[in-house]
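Tertiary structure, described
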Amino acid sequence: MEDREAGLQDRLSDLPDYIIQEILCFLEINQAIQTSVLSKRWKNLWASVPDLNFNSKGFKEQTFPKFLRRVISKREDCNVRRLDVFTHLPIRLSSMEGLINYAVAHQVEDFRFVSDDVQPVYLPECGSLKALFLSRCKFGDLRTSFGFGFANLTSLDLYVCWFCYSENDFGDPFASCQNLRRLCLRYCRFPSLKRLKITGFQLVSLEIQGFGYGDRGLQEGCEVEIFAPNLLSFVYKFSKPVDFCGLHFPSLDYVEVHVWQHGNDEATDHDKRRASLCLMSMFEGFGNAQSVKLYCETIQVLDLVDGLLEQQPSPFKRLKKVDVHCNRESFKVPAHVTNYLLAGTTGQELYLEGLAWLYALKCFICTVYL
C-alpha cells in the first residue's frame, strides 16, 4: 500500500505546473488556496491559475469583500481566462468595480456573476470578453442609448437584470456588441423606455423569457424592434404579447412562441383585441421560418376575438413544420387557426402535431416516482 501511494505521489509530482493549475481551476479559489500547504512546490501555484471561482458560501457580509481584495492583491500578474462570482451576500459597488476592473485589465474572456439579490454593477469596456452571464444586476444611470461596450463578445446571458436609462426613452443596449452571436434575456426589466431596440448584425440565436408590460418589465405602450439579419433561431417564452413594431429576420429558420393572456374572463374586449393583434403583428416577422413550435396558450391568444383571425392572411411563406404542444388532452386547434398558420405555404408537406400525450406521460412518471 505504501509503495502504491508513493507511486501515485510521484506521478502527481511529475505533472508540469500548467496541468496542475488546470486541475485547480475546477476548485473554488479558497479551496485552491488551501492546496498551498501540500508542499513548497504547491505554495504559490494557486496564484497563477487562469480561472478564478469565488463563492460567498461560508463567508459573512464583511469578510467576503476582504477576501476578494486579498486574492487580487496576492495573485501573480497573469491573465484571467474566466471569472466566476456566486454570492448570496450583498456586495458594495466599490468591491465589484475593483474585481471587474482587475479582470478587464487582465484580459478576462469569460465572466459569470450570480447573485441572490439585485446588485448595482458597472461594466467598463472590455475587448477581450467573449462570454458573459449576469444574474440580478442593475445597470444604473445609462445616459446613452447604448449599454454594453464589448466589441468581441459572442455569448450574452442576462437573468433578472435592470436597465435604467436616466436621460433617454430609447435604448439599444447591445448595438455595440458587433460580434454577438447568442443572446438570452430572461425576466429583464427596461422600466423607463418607450422604445427598445435589439440590434445584432451577427446574432444567430435569440431567446427572450418573462417579457411583457407592467410587472413583466416594460412600461405600458413600449415598442420593441429587433434587427437581426442573420438570426436563425428565435425563442419567446413565458411571456405576454407586446408591440413588436419591427422584426427583421430574413434568415430565420426556427421559431418557438409561448405567450398567454392572464384573466381572460375579466379582460375587456379592448385588451383581448390588443393581445391578439400584438401576437399577429409578431408573427408577421416570422415569414421566412421553416419550423414553428407553439403552445396551446399561444393558440388561445390568437383566437381571443371572434372573427379577427379569419381576416388575416397567413404570415408564413416557407413553413414545413408546426408543432403545437399542449398540457390538456381535450385541446384542439380550431380549423381557422390551422388555416391561418398553414394557408401561406404551398407544395410542402406540413406536420401539425398536438402533444397532449406528453403531459399524460409526465403525470404518469411523477405518479410512479411518488
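Below you will find a few notes about this structure. Starting from 1, residues in each chain are numbered consecutively following that chain's sequence as written. Only residues with pLDDT of at least 70 are given local features in this predicted model, and only at 80 or more are side-chain atom pairs given and counted; all residues enter the totals for whole chains, interfaces and linings. Side-chain numbers here rest on the full set of heavy atoms in the structure, without hydrogens or water.

This next bit is on the overall build of the protein. Helix and strand counts for the protein stand at 9 helices and 21 strands. The rule is simple: take the accessible area with a 1.4 Å probe, protein chains only, and divide by the maximum for that residue type; under 20% is buried, over 50% is exposed, in between is partly exposed. A buried classification covers 48% of the 370 residues belonging to the protein. Contacts are assigned to residue pairs with any non-hydrogen atoms lying within 4.5 Å of each other. In the protein, once contacts between residues fewer than 6 apart in sequence are set aside, the share between residues at least 24 apart is 67%. Computed by Shrake-Rupley with a 1.4 Å probe, the accessible areas treat only the displayed protein chains as cover when residues are assessed. For the protein, the accessible surface area stands at approximately 19000 Å², while carbon and sulfur atoms represent 50% of it. Comment: elements are numbered from the N terminus, with helices defined as DSSP H or I runs of at least four residues and strands as E runs of at least two.

Positionally, Ser 155 belongs in strand 7 (residues 155-159). With residues near it in sequence (within four places) discarded, Ser 155 still touches Lys 130, Ala 131, Leu 132, Leu 180 and Arg 182.

Before going further, it helps to examine the packing of helix 4 (residues 63-74) against helix 5 (residues 93-105). The axes used here are C-alpha line fits, helices contributing only the stretch in contact, and every angle between their N-to-C directions lies in the interval 0 to 180 degrees. Between helix 4 and helix 5, the least distance of the axes is 10 Å, while the angle of their chain directions is 25°. The orientation of helix 4 relative to helix 5 falls into the category roughly parallel. Judged by the sense of rotation from one axis to the other, the crossing of helix 4 with helix 5 is left-handed. Contacts between helix 4 and helix 5 involve Pro 65, Leu 68, Arg 69 and Ile 72 from the former and Ser 95, Gly 98, Leu 99 and Tyr 102 from the latter. Polar here means any residue outside two lists: the nonpolar Ala, Val, Leu, Ile, Met, Phe, Trp, Tyr, Cys and Pro, and the charged Asp, Glu, Lys and Arg; Gly therefore counts as polar. Partitioned by chemical class, the residues of the contact of helix 4 with helix 5 number 5 nonpolar, 2 polar and 1 charged. An angle below 35 degrees is read as roughly parallel, one above 145 as roughly antiparallel, one from 65 to 115 as roughly perpendicular, and any other as oblique. The sense of a crossing depends on the near helix, which, turned anticlockwise from the far helix by less than a right angle, makes the crossing left-handed and, turned clockwise, makes it right-handed.

Bringing helix 5 into the picture now. With 13 residues, helix 5 should cover 18 Å at 1.5 Å per step; its first-to-last C-alpha distance of 18 Å lies within 8% of that length. Among all positions in helix 5, only Ser 95, Met 96, Leu 99, Ile 100, Tyr 102 and Ala 103 are buried. Relative to the axis of helix 5, the buried residues are bounded by an arc of 155° and lie together on one face. Of the exposed residues in helix 5, those oriented more than 90 degrees away from the buried face are Ser 94 and Ala 105. Next to the buried residues of helix 5 lie strand 1 (51-55), helix 4, strand 2 (82-87) and strand 3 (110-115). Residue Gln 107 follows helix 5 closely and has a positive phi angle near 60°. A helix is expected to span 1.5 Å for every residue after the first. The arc under discussion is defined with respect to the helix axis, by the directions toward the C-beta atoms.

Moving on, we come to the environment of Leu 27. The residue Leu 27 is located in the loop between helix 2 (17-24) and helix 3 (29-34) in this model. With 27 residues separating them in the primary sequence, Leu 27 and Phe 54 have C-alpha atoms 9.5 Å apart. With residues near it in sequence (within four places) discarded, Leu 27 still touches Ala 32, Thr 35 and Asn 53.

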